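# Structural overview
The primary structure of each chain is shown beneath.
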Amino acid sequence: MITLKQLRYFEALARERHFGRAAEAVHISQPALSAQIMDMEATLGVALFERTRKQVLLTREGERVLAHAASVLSAMAALEHAARPATGPLSGPVAIGLIPTVAPYLIPKLVPYLKRHYPEAEVALKEAVTDQLLDHLEEGTLDAVVAALPIERDGIQTMDLFADRFFMAVARNHETVLASPLTQADLEVDRLLLLEEGHCLRDQALALCEQKPKRAVVNVGATSMTTLLQMVANDMGMTLIPEMAVAAETARTPLTILPFAEPQPARRIGLCWRRSDRRRESMEALAAAVLKCRAG
């Protein structure tokens, strides 16, 4: 069987065309190099070199073997590089998942920040609802998830990052003048628009209405905050909007944003990763980047 050591010796001799120089390049004696090349030729059953007193030449077979040897050695170098320990936090591939009510407002700042401060990071992003992201995290296809807390899954470590307050978004031509700041008693639950099942913001909106009479809320099946707010702007109802979405959404959609009375309702945004992942330094660096780039 041909060994990687023999391929390295073969490549050195093919490059140097001289046994002495090739042996020096790979840090072995000339007789040892010659013996390894002869073993390789015996295994392949062909002569790889023409040996004369003046020079060493590749045979036709040797030229063909050299092309394959170069590919094998290149692939081995790539494998060794991939397995090399990271030189710092967020070096190499890092796959980050974000929930839909965070992703559009965080990514435009987070990605340029990571490129600027961690140029060796190879960032991949995925947007999905919390349960799907956590499934991917457990499977190993994601390295970290930015989501609303609490997260209670075995094997998942979380870090609380910041509070994201809720506001109420209504149409600018809303017929009923709502008091500001709002209280739970002011909520028009029968006009409250909700994201489709699976979104944590839907659950948070319903939790805010726990003390209200059991009246129907409007299930519109919207999959994005932007779609929901377009409906609000057309006076089809009202909805909760997280603080980090306010600036971006009101810049493109005419809305009235009303605050809640104290204690203001809010969600906690955090970072999640596998407890078995030893890259604690990278997770802390990512958490700091999210805090730096949080939209508002």
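A quick note: this is a predicted structure, and the numbers were derived from the prediction, not measured. Counting restarts for each chain: residues are numbered from 1 in the order of the written sequence. Selection of residues for local features in this predicted model requires a pLDDT of at least 70, selection of side-chain atom pairs for listing and counting requires 80 or more, and totals for whole chains, interfaces and linings are taken over all residues. For the side-chain quantities, the full set of heavy atoms in the structure was used; hydrogens and water were omitted.

### Here we look at the confidence of the model for the chain
- Residues with a pLDDT of 70 or more make up 86% of the chain, whose mean pLDDT is 86.
- A low-confidence stretch, residues 211-216 (pLDDT under 50), is modelled with 10 contacts involving residues beyond four sequence positions or located in other chains. You can read pLDDT as the predictor saying how much it trusts each residue, on a scale of 0 to 100. In what follows, residue pairs with any heavy atoms lying within 4.5 Å of each other are defined as contacts.

### Topic: the packing of helix H1 (residues 4-16) against helix H3 (residues 30-44)
- Close contact between H1 and H3 brings their axes to 9 Å; oriented N to C, the two are set at 110°. Classified by the angle between their axes, H1 and H3 sit roughly perpendicular to one another. Two secondary-structure elements touch here, H1 through Gln6, Leu7, Tyr9, Phe10 and Leu13 and H3 through Leu33, Gln36, Ile37, Asp39 and Met40.
- Residue polarity follows a fixed list, in which Ala, Val, Leu, Ile, Met, Phe, Trp, Tyr, Cys and Pro are nonpolar, Asp, Glu, Lys and Arg are charged, and the others, Gly among them, are polar. Residue composition of the contact of H1 with H3, by class: 7 nonpolar, 2 polar and 1 charged. Geometry is summarised by axes, namely lines fitted to C-alpha atoms with helices restricted to the contacting stretch, and by angles between N-to-C directions that run from 0 to 180 degrees. Numbering goes from the N terminus for both helices and strands, where a helix is a DSSP run of H or I of at least four residues and a strand is a run of E of at least two. Orientation categories follow fixed angle ranges, with anything under 35 degrees roughly parallel, anything over 145 roughly antiparallel, 65 to 115 roughly perpendicular, and all other angles oblique.

### Re the side chain of Glu249
- Here Glu249 is to be found in helix H9 (residues 243-252).
- Any pair of nitrogen or oxygen atoms within 3.5 Å is treated as a polar contact; in protein, a donor-acceptor pairing is required on top of that, and neighbouring residues in sequence qualify only through side-chain atoms on both sides. At 2.6 Å, the side chain of Glu249 and the side chain of Tyr105 are in polar contact.
- Aside from chain neighbours lying at most four places away, what touches Glu249 is Tyr105, Met225, Thr226, Leu229 and Ile241.

### A word on the side chain of Thr253
- Secondary-structure assignment places Thr253 in the loop between H9 and strand E10 (256-258).
- Filtering out sequence-adjacent residues up to four positions away, Thr253 remains in contact with Leu229, Gln230 and Ala233.

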